[in-house]
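Residues per chain, in single letters:
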Amino acid sequence: MAESCESNIFQCSICLDGLINPVTLHCGHSYCQECVNAFWDQGDQSGVYTCPQCVHSFNPRPVLSKSIVLANAMGEMSGEEKEEAKAAAAAAVEDEVVPGDVECDFCTGRRLKAVKTCLVCLASYCSTHLQPHYLSAAFKRHKLVEVSASMQDKICPKHNKLLEVFCRTDGHCICLLCVMDEHRSHDTVSAAAEREDRQKQFGKNKQRYQRGIHEKEKKLQQLRQKIDSLKGSGDTAVQEADRVYTEIVRTADMRLRAVKQGIRAEEKAGVSRAGALVDRLEREISELRKGEDALKQLSLTEDHIYFLQSPQSIFNCPEPDESPDFNIHLHTSFDFMTKAICTLRDQMENITQGIAEITETIQADPMKREEFLLYPCSLSLDPNTAFKNLMLSDGNSKVTWIKRAQHRPHHPERFTEYDQVLCTEGLSGVCYWEVEWKGPRVEVAMCYKGSELQESCFGYTDQSWSLSLSTSSCTFWHNEVKTRISGPCSVTVGVYLNHQVGSLSFYSVSDSGQMILLHRVQTTFSKPLYPGFMVSRGSSVKIRAPK
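Residues numbered from 1 in each chain as written. Predicted model: local features only at pLDDT ≥ 70, side-chain atom pairs only at ≥ 80, totals over all residues. Heavy atoms only, no water.

**Student:** I'd like a description of the packing of aromatic side chains, backed by residues and values.
**Tutor:** Under the defined criterion, the tally for this structure stands at eleven aromatic pairs. Centre to centre, the rings of Phe372 and Tyr432 are 5.1 Å apart; their planes meet at 40 degrees, and the pair counts as tilted. With a gap of 60 residues between them, Phe372 in helix α12 (residues 369-372) and Tyr432 in strand β14 (residues 430-438) connect regions that are remote in the sequence. Like Phe372, the residue Tyr432 is buried in the burial classification. Aromatic ring contacts, followed pair by pair, group Phe372, Tyr375, Tyr432, Tyr496 and Tyr507 into a single cluster. (Phe/Tyr/Trp six-rings, centres within 6.5 Å; stacked < 30°, edge-to-face > 60°. Helix = DSSP H or I, 4+ residues; strand = E, 2+ residues; numbered from the N terminus. Buried < 20%, exposed > 50% of the residue type's maximum accessible area, 1.4 Å probe, protein only.)

Here it is in structure tokens:
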């Protein structure tokens, strides 16, 4: 601390620059003549003038004279001493206020960053103006704390005094004058005593926190183990599915090759038999053509003797051969092959059906509410879509029908014909959310987003699915098709979406957490789905954070 004072011996503690026309007060502190005069001129001294550092009072106002010794000392400083003075000035620059810092309450020109707050002075000081609190005996009883930007929170707004007492009756901090005033008959203790009593509870609270952390960490570890086990089981199942599929494909390929080979072998044998018959027939046709030609030539001769002496075989043409060899059945039926292929196809269809059943089992909705809660999603109502008689509240998590229409700016997505509102979030994964409803009738819907939606009711197009809830019945609507639901419906409804597999389910959730399926949609979703609500007169819907 002494080193700090010594390094700032040639620095004015008001302007925080080197002394110009230095003057020294009777208390021993030195300032720029212009700075100290401005300090006294600006302050309401009431005839009493104080030193900015030690608050020593002067009356009347001192006549200031130039300090010859300081002026000469500053003029005769060595180069090294001037560098030290510049370094001190640079250190002062580092104390300049930046956004987020608390300013010194005593700096009059360039304000510096406060480093301490005095609870007696109710002011904050920079390192320079804080020196009197360390050096002067008058400040020994002052209490310095870490600099506070909210000093007003520590001051009584009625009496402008420091809050030092805690009123147990009203449960808030007060000042000493409050104790003597409106809190006279209340149970009051010092703030330090109340803190000490409360801090005694820290042990119990800490144990509760530790137990809570231990239980949560235990559940977290169990959940992670289940996740690892699930991943391992999934990997094993995928590997087994790949193995079985490969075996099925390999077996099918082998059987297909055997069928093809059988067909080709039978085809080759038939072609061979037919080829031998073709050769025989061609030879016989050739012999017959020769006999026909000889008979023709003989018929044209005019030599009767030659005609009569011709071989008798020319005149004896054999009848067409009806030998069984010529009636050979060349068409070979491959019906047995077709039947075998059809049988294989039926087997493959059975396998495909089995795979589909396995897939449906894997992609089935969860069974317990705890399983649904593994897929929570955060939703908020979109004010740009709300109908004029729908009021949003609770951070856009609740919608209520009100009689007086609200004035809202035009928006292309706003419902203008129907008492409906959409959520801001579009859902395209696996998610679960719940709502609580009250009143005569409400609708909980999921839909695509588009301009045509604003001109229709939920459930009246092929782009929206709506569960209509009332005190007397429960129905489901899609594309103007109504489906009655016989199951009971509680005031809490859960909605589960598995966008990838095209599954949308609505559940009735009891107070005990029991899940009763009301309706399930199985389709193919092409775009993100937006939750929406229709709220009739006197009704309300609140999106509930699942827990």
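**Student:** Pulling in residues and values, what's your account of the side chain of Ser540?
**Tutor:** Here Ser540 lies in strand β23 (residues 540-544). Excluding anything up to four places from it in sequence, Ser540 contacts Lys398, Val399, Thr400, Glu436, Trp437, Lys438, Val442 and Val535. (Contact = heavy atoms within 4.5 Å.)

**Student:** Could you give me a rundown of the sheet that holds strand β10 (residues 188-190), with the residues and numbers involved?
**Tutor:** As a general point, the strands of a sheet are linked pairwise by backbone hydrogen bonds and lie either parallel or antiparallel. Reading across the sheet, the three strands line up as β9-β8-β10 and stay open at both edges, with antiparallel pairing between neighbours. Pairing within the sheet leaves two strands with one partner each, and these edge strands are β9 (172-174) and β10. Taken pair by pair, the neighbouring strands of this sheet meet at an average axis angle of 35 degrees, ignoring direction. Where strand β8 (residues 165-167) and β9 come together, three bridges link them in antiparallel fashion. Bridge assignment links Val165 to a residue of β9, and that residue is Ile174. Strand contacts of helix α7 (residues 191-200): β8 and β10, with the helix running at about 90 degrees to β10, the strand carrying the most contacts. (Pairing = 2+ DSSP bridges. Axes fitted to C-alpha atoms, helices over the stretch in contact; angles between N-to-C directions.)

**Student:** Tell me about helix α8 (residues 202-300), and please be specific about residues and values.
**Tutor:** The end-to-end C-alpha separation of α8 is 141 Å, in line with the 147 Å expected for 99 residues at 1.5 Å each. Every buried residue of α8 is listed here: Ala252, Val259, Gly270, Ala274, Leu277 and Leu298. (Expected span 1.5 Å × (residues − 1).)

**Student:** How would you explain the nonpolar core if you had to name every residue and give the values?
**Tutor:** Counting 39 residues, the largest nonpolar core has Trp433, Leu504 and Phe533 as the members making the most contacts within it. Core analysis: the second largest hydrophobic core is formed by 17 residues, Cys35, Val36, Cys54 and Phe58 among them. (Core = buried A, V, L, I, M, F, W, Y, C linked by side-chain atoms within 4.5 Å.)

**Student:** So what about the pattern of salt bridges? Which residues, and what values?
**Tutor:** Throughout the structure, instances matching the rule amount to 16 salt bridges. Between Lys116 and Glu146 there is a salt bridge, with its nearest N and O atoms 3.3 Å apart. In this pair, Lys116 is assigned in strand β5 (residues 116-118) and Glu146 in strand β7 (residues 144-146), connecting sequence segments 30 residues apart. Arg544 is the partner of Glu436 in a salt bridge, and the nearest nitrogen-oxygen pair spans 2.9 Å. (Salt bridge = Lys/Arg side-chain N within 4 Å of Asp/Glu carboxyl O.)

**Student:** Provide a residue-level description of the environment of Val179, including the pertinent values.
**Tutor:** With respect to the secondary-structure elements, Val179 resides in helix α6 (residues 176-180). Residue classification places Val179 among the partly exposed positions, given a relative accessible area of 23%. Sequence-wise, Val179 and Phe166 are 13 residues apart; in three dimensions their C-alpha atoms are separated by 9.4 Å. Those residues in contact with Val179, other than ones at most four positions away along the chain, are Val165, Ile174, Arg184 and Thr188.

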